[in-house]
Amino acid sequence: MAVWLAGRGYPVHPLAPGGKTPAANCRDCRESEHAPEACPCRAERRWCHGFHAATTDLRTVREWWAAEPGFGIGVSCGGAGLVVIDVDAHSTPLPDRQRLLPGIPIDDRVDLTGLQSGFDTLALLAAYRSRPNPCEDTSTLRVRTPSGGMHIWYRAPKDGPRFRCSSGSSSRVALAWQVDVRAIGGYIVAPSTRTTAGVYEALPGARVPAALPLWLAAELVSTGHDGQSVAAAAVPGPAKPPARGRGRQGHGQGQGRGERLLASLLEEVRACGLSPSGTAFSEKLNRAAFTAGGLAAAGHLPEEEGRRLLLEAADRARPHQTRRNVLIVDAGLRAGRDRPIQPKERT
């Protein structure tokens, strides 16, 4: 399996026999502190420093597993261009309901009886967004873990955000309670790996990762997994329903600040038209749409006006992918509605 994965462009590295942690470093690396990127072991084709040593070089991979056939297989998510949704099923007490789906308030009237794992919170998130449950997505590789959890493998968007890892128990960056994210800066255990707890087993369905669904990409952006949360540009505030029957004059000052904030993001989207690729177009359009949704939720921008401006900018930059532009914009707007944005006052 390690050779099969490496031959298809997935950088692999050994895991300790019977475990799911990287194989031990050599003595020099164990006894001295140094940056993995500068370690001489990489040039000597050693496996020190875990996913930092991951490679697609078939000669190296064969040598590693010939030296220790009992090695498990780790895949460097960043190097492989993967985003893996790691669903846990641990027996732990429920946290405060507001930590179940970060950024999405759960009313006290919602009955949480029976909710006990990441399978439940991910299903809840999908239902809230009116989207299919990723745990049931047979179009992509899904792996059952020995502990009863699931790894859902997706391909990260090539021109989109560079997503980072997170833990579902984090109080800062998390997708959902008991749902971890494996991306840049992390690794995932490959199917067929055997540990003392059991085997990582591919489930029925696709045997290769599908593209990350746009709604999940929008969710990862909105929860800060791109490392560039909208919070850096605006200050979230309490939800305010948009006023009815009032036009631009009624919200002149608020809409003015909202339009200025959105305008700078739209300019970044339009600028992508100068280059056909390598501009992070999807990430920029998603961020602009998320911001527009937040501004609309706080009453600082009519949503239809924001959508029109977003699609105009997107179609100017990428006129050949109108349908994809609509999907990105609508997903970003939906995610943004749950995080109202109050633009900062100018000083």
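As shown above, the structure is provided for reference.
Let us look at the structure shown here.

Conventions we followed
- Residues numbered from 1 in each chain as written.
- Predicted model: local features only at pLDDT ≥ 70, side-chain atom pairs only at ≥ 80, totals over all residues.
- Heavy atoms only, no water.
- Helix = DSSP H or I, 4+ residues; strand = E, 2+ residues; numbered from the N terminus.
- Buried < 20%, exposed > 50% of the residue type's maximum accessible area, 1.4 Å probe, protein only.
- Contact = heavy atoms within 4.5 Å.
- Expected span 1.5 Å × (residues − 1).
- Pairing = 2+ DSSP bridges.
- Axes fitted to C-alpha atoms, helices over the stretch in contact; angles between N-to-C directions.
- Core = buried A, V, L, I, M, F, W, Y, C linked by side-chain atoms within 4.5 Å.

So, the overall build of the protein chain
Scanning the protein chain from N- to C-terminus turns up ten helices and 13 strands. Considering the protein chain as a whole, with its 347 residues, one finds that 48% of them fall into the buried category. For the protein chain, the proportion of contacts with a sequence separation of at least 24, taken over those separated by at least 6, is 72%.

Section: helix H9 (residues 303–317)
Structural remark: α-helix, 3.6 residues per turn; residues separated by three or four positions point the same way. Compared with an ideal rise of 1.5 Å per residue, which puts 15 residues at 21 Å, H9 spans 21 Å between its outermost C-alpha atoms and is within 8% of the ideal. All of the buried residues along H9 are Gly306, Leu309, Leu310, Leu311, Ala313, Ala314 and Ala317.

Comments concerning the sheet that holds strand E1 (residues 12–15)
The three strands are arranged E1-E2-E7 in an open sheet whose pairing can be described as antiparallel. Because the sheet does not close on itself, it has two edges, and the strands there are E1 and strand E7 (187–189). Taking each pair of neighbouring strands and ignoring which way they run, the sheet shows an average axis angle of 35 degrees. Looking at chain direction, strand E2 (residues 72–76) and E7 are connected through three bridges and run antiparallel. Following the sheet pairing, valine 75 is matched in E7 by isoleucine 188. Together, E1 and E2 form the strand contacts of helix H3 (residues 58–67), whose direction differs from that of E1 by roughly 10 degrees.

Focus: the nonpolar core
Residues Val83, Ile85, Leu122, Ile152, Phe163, Leu175 and Leu212 are the most contacted members of the largest nonpolar core, which totals 25 residues. Top contributing element to this core by residue count: helix H6 (residues 214–222), with five residues. Excluding its chain neighbours within four sequence positions, the residues that come into contact with leucine 175 are Ile85, Pro102, Leu125, Ser166, Val181, Leu216, Glu219, Leu220 and His225. Grouped together as the second largest cluster of nonpolar side chains are 24 residues, Ala2, Leu5, Val12 and Tyr200 included.

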